[in-house]
Amino acid sequence: MNNEQRTGDKMKSNNPFKVHNIEHLSASKINSWINDPAMFIATTLCGVKSKVGAGAFRGTSVEYALEKKLSNKDYNHNTIDEFLYSKFDSECLENNISIYSERASKERKGLSSYYYQAISLYNDFGEPQHYQHKIYYSLHDDLPIPFLGFIDFVFEDSIRDTKTTARMPSAPSQGHQRQLAIYSKAFPEKELWLDYITPKKSVSYKVNNVEQRINEVIKVAFGLQKFLSISSDPLELASMVYPNYDDWMWSEDMKQQAKQIWSNE
């Protein structure tokens with residue numbers, strides 16, 4: 001007998017992730033499921049697309065310029081703008097965003113402030129061993145799906161994740177701590193640091209409660225697996241939750257797409 005059986009829309013499977021075409025999990029998927037199950041279902045199972053805004057490229061541009069400087073790759077004092085702004089411009093171009101739009105122009109103008117706060121912190125860490133280092137591994141023997149992630153910077157004694165933000169948080173978010181805890185499995189001997197960067201200052205938080213956060217991730221992953229095993233039909237799963245359209249994460253475009261799923265409006 002096959003290890004997967006279906007009766008109507010119901011499903012019994014050793015790997016419901018595979019049934020729903022989920023090839024891997026990640027910190028972002030786990031956090032999405034925790035924060036807004038409806039959004040997870042919409043974007044991961046039902047094909048709702050979210051348009052990437054220019055703000056998403058602030059961090060990648062700052063990190064790119066940081067890596068060039070710290071690794072001394074084709075860098076001198078005249079080329080930082082080239083690395084910083086060319087990366088931002090290319091990201092906008094690839095995502096059909098005009099750099100002259102109001103939002104993109106504002107983000108572009110503020111890039112140097114974020115960069116100089118970041119480099120004043122990272123100058124003390126030496127040359128990174130890895131940048132955007134890919135990790136791909138199983139988190140638990142009984143979980144039939146691997147985790148995928150990309151570590152911003154791996155140094156000799158630490159893993160560091162760079163978070164550019166307009167407002168400095170008073171404490172590191174639990175979601176960000178879960179992200180670093182997942183990364184720790186690739187380099188268990190290294191310290192974990194979250195570096196929050198604003199245009200005016202930087203603050204670093206060491207992540208110490210690794211096992212607690214790992215256990216959270218595993219528990220959530222098994223809960224998600226159980227939920228997905230209820231049905232092979234994404235729309236049936238969607239009927240069990242409802243979107244929180246008040247959340248800023250739901251753009252107007254996403255709301256319009258979601259109405260095709262939650263069509264009772």
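Residues numbered from 1 in each chain as written. Predicted model: local features only at pLDDT ≥ 70, side-chain atom pairs only at ≥ 80, totals over all residues. Heavy atoms only, no water.

Comments concerning unusual backbone geometry
Even without being a glycine, N21 presents a positive backbone phi close to 60°. Here N21 is to be found in the loop between α1 (16-19) and α2 (27-35). Even without being a glycine, Q132 presents a positive backbone phi close to 50°. Residue placement: Q132 occurs in strand β3 (residues 130-137). (Helix = DSSP H or I, 4+ residues; strand = E, 2+ residues; numbered from the N terminus.)

Quick notes on the nonpolar core
Within the largest apolar cluster, 49 residues are counted, with the highest numbers of intra-cluster contacts made by F17, I22, L25, F147, L228, W250 and W262. Among the elements that make up this core, the one with the highest residue count is helix α8 (residues 210-228) (9 residues). Residue contacts for W262: discarding those within four places in its chain leaves A38, A42, A238, V241, Y242, P243, Y245 and W250. In terms of nonpolar packing, the next biggest core, distinct from the first, is built from 24 residues, A65, I80, Y85 and C92 among them. (Core = buried A, V, L, I, M, F, W, Y, C linked by side-chain atoms within 4.5 Å. Buried < 20%, exposed > 50% of the residue type's maximum accessible area, 1.4 Å probe, protein only. Contact = heavy atoms within 4.5 Å.)

Topic: the environment of N244
With respect to the helices, strands and loops of the structure, N244 is situated in the loop between α9 (234-238) and α10 (252-258). When the C-alpha atoms of N244 and S232 are compared, they prove to be 24 Å apart, with 12 residues separating the residues in sequence. In contact with N244, other than residues within four places in its own chain, are D36 and W250.

From the geometry alone we can't say anything about function, so treat these as descriptive.
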